[in-house]
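Structural description and commentary
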Amino acid sequence: RDSDCDPRTLETCPDGGTGHFWNGTPYLRVRDGRSWFEAQAMCRAAGMNLATVESDDEQTFLESLAVGQTLWLGGTDASAEGEWFWDSRGVQFWSGGIGGRAFAGVYQAWQPGVEPNSSGDEDCLALWSGYAGKWADEWCGRSYGYLCSL
């Protein structure tokens, strides 16, 4: 396994990851499982962050990278339950639980009518395989693969 990753070329990647580009932005998909916090640390060590999602097109691209695997994304409501932010940018994208709303029209892709359910201290965002790549709130200590981006 490589110990570092150049975010400009993604020629070497940690944890057996693979590099991809979408609209000129580099992404790293890592299948090896880590907690959300470990995944964010690995992304940052590579000069990246856990991925954020800003459009349907980007969501579709990330779903294609998941290939049936649950992967961590960069959203969290750890600071305030039900107030979801992109960790790397401090931008809020959701307020509330299942009946909540997209914050200021920012993109979201929660599994409709089911997520975010905040069941059992679930403070971290995952592209969840059980929902065909739609989002789920998950316990941050679970071991999932992850997606990094610049």
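Preceding block: the structure.
About the criteria used
Residues numbered from 1 in each chain as written. Predicted model: local features only at pLDDT ≥ 70, side-chain atom pairs only at ≥ 80, totals over all residues. Heavy atoms only, no water. Helix = DSSP H or I, 4+ residues; strand = E, 2+ residues; numbered from the N terminus. Buried < 20%, exposed > 50% of the residue type's maximum accessible area, 1.4 Å probe, protein only. Salt bridge = Lys/Arg side-chain N within 4 Å of Asp/Glu carboxyl O. Core = buried A, V, L, I, M, F, W, Y, C linked by side-chain atoms within 4.5 Å. Contact = heavy atoms within 4.5 Å. Disulfide = S-S within 2.5 Å.

In this section: unusual backbone geometry. In this structure, the amide linkage connecting Glu 115 to the following residue, Pro 116, adopts the cis form with an omega of -5 degrees. Mapping Pro 116 onto the fold places it in the loop between β7 (101-102) and β8 (124-127). For Ala 104, which is not glycine, the phi torsion reads 55 degrees and is therefore positive. Position of Ala 104 relative to the elements: it lies in the loop between β7 and β8. At Ala 132, a residue that is not glycine, the phi angle is positive and equals roughly 55 degrees. Judged by relative accessible area, Ala 132 falls into the exposed class, the value being 62%.

Right, let's get into the pattern of salt bridges. Considering all chains together, one arrives at four salt bridges under this definition. Between Glu 54 and Arg 89 there is a salt bridge; the shortest N-O distance is 2.5 Å. Placement of Glu 54 in the loop between β3 (49-50) and α2 (56-66) and of Arg 89 in the loop between β5 (83-86) and β6 (91-95) is noted, with a sequence separation of 35 residues between them. When its relative accessible area of 49% is taken as the criterion, Glu 54 is described as partly exposed. Residue Glu 138 pairs with Arg 142 through a salt bridge whose shortest N-O separation is 2.9 Å. Residue Glu 138 is classed as buried on the basis of its relative accessible area, which comes to 7%.

Attention now moves to the nonpolar core. A general tendency of soluble globular proteins is for nonpolar side chains to be buried together. Residues Leu 62, Leu 73, Phe 93, Leu 125, Trp 135 and Leu 147 are the most contacted members of the largest nonpolar core, which totals 20 residues. Looking at this core, the elements that each hand over two or more residues are α2, β4 (71-76), β5, β6 and β8. If one sorts the elements of this core by residue count, α2 sits on top with four residues. With near-sequence residues (within four places) excluded, Leu 125 lies in contact with Trp 36, Trp 72, Leu 73, Gly 75, Trp 84, Trp 86, Phe 93, Trp 110, Trp 135 and Ala 136. Core analysis: the second largest hydrophobic core is formed by 14 residues, Leu 28, Val 30, Cys 43 and Tyr 144 among them.

Applying the stated rule across the entire model yields two disulfides. Between the sulfur of Cys 43 and that of Cys 148 lies a disulfide, 2.0 Å long from S to S. Since a negative S-S torsion denotes a left-handed disulfide, the Cys 43-Cys 148 link at about -75 degrees is left-handed. Here Cys 43, found in helix α1 (residues 36-45), pairs with Cys 148, found in strand β10 (residues 144-149); they are 105 residues apart in sequence, far enough to count as distant. The exposure class of Cys 43 is buried, given its relative accessible area of 0%. Residue pairing for Cys 124: its cysteine sulfur links by disulfide to Cys 140, the two sulfurs lying 1.9 Å apart. What sets the handedness of the Cys 124 and Cys 140 disulfide is the S-S torsion sign, and at about 95 degrees it is right-handed. Of this pair, Cys 124 sits in strand β8 while Cys 140 is found in the loop between β9 (135-138) and β10, placing the two residues 16 residues apart along the sequence. Accessibility classification places Cys 124 together with Cys 140 in one group, the buried group.

Right, let's talk about the environment of Trp 84 for a bit. Note that Trp 84 resides in strand β5. In this structure the C-alpha to C-alpha distance between Trp 84 and Phe 103, which are 19 residues apart in sequence, comes to 8.8 Å.

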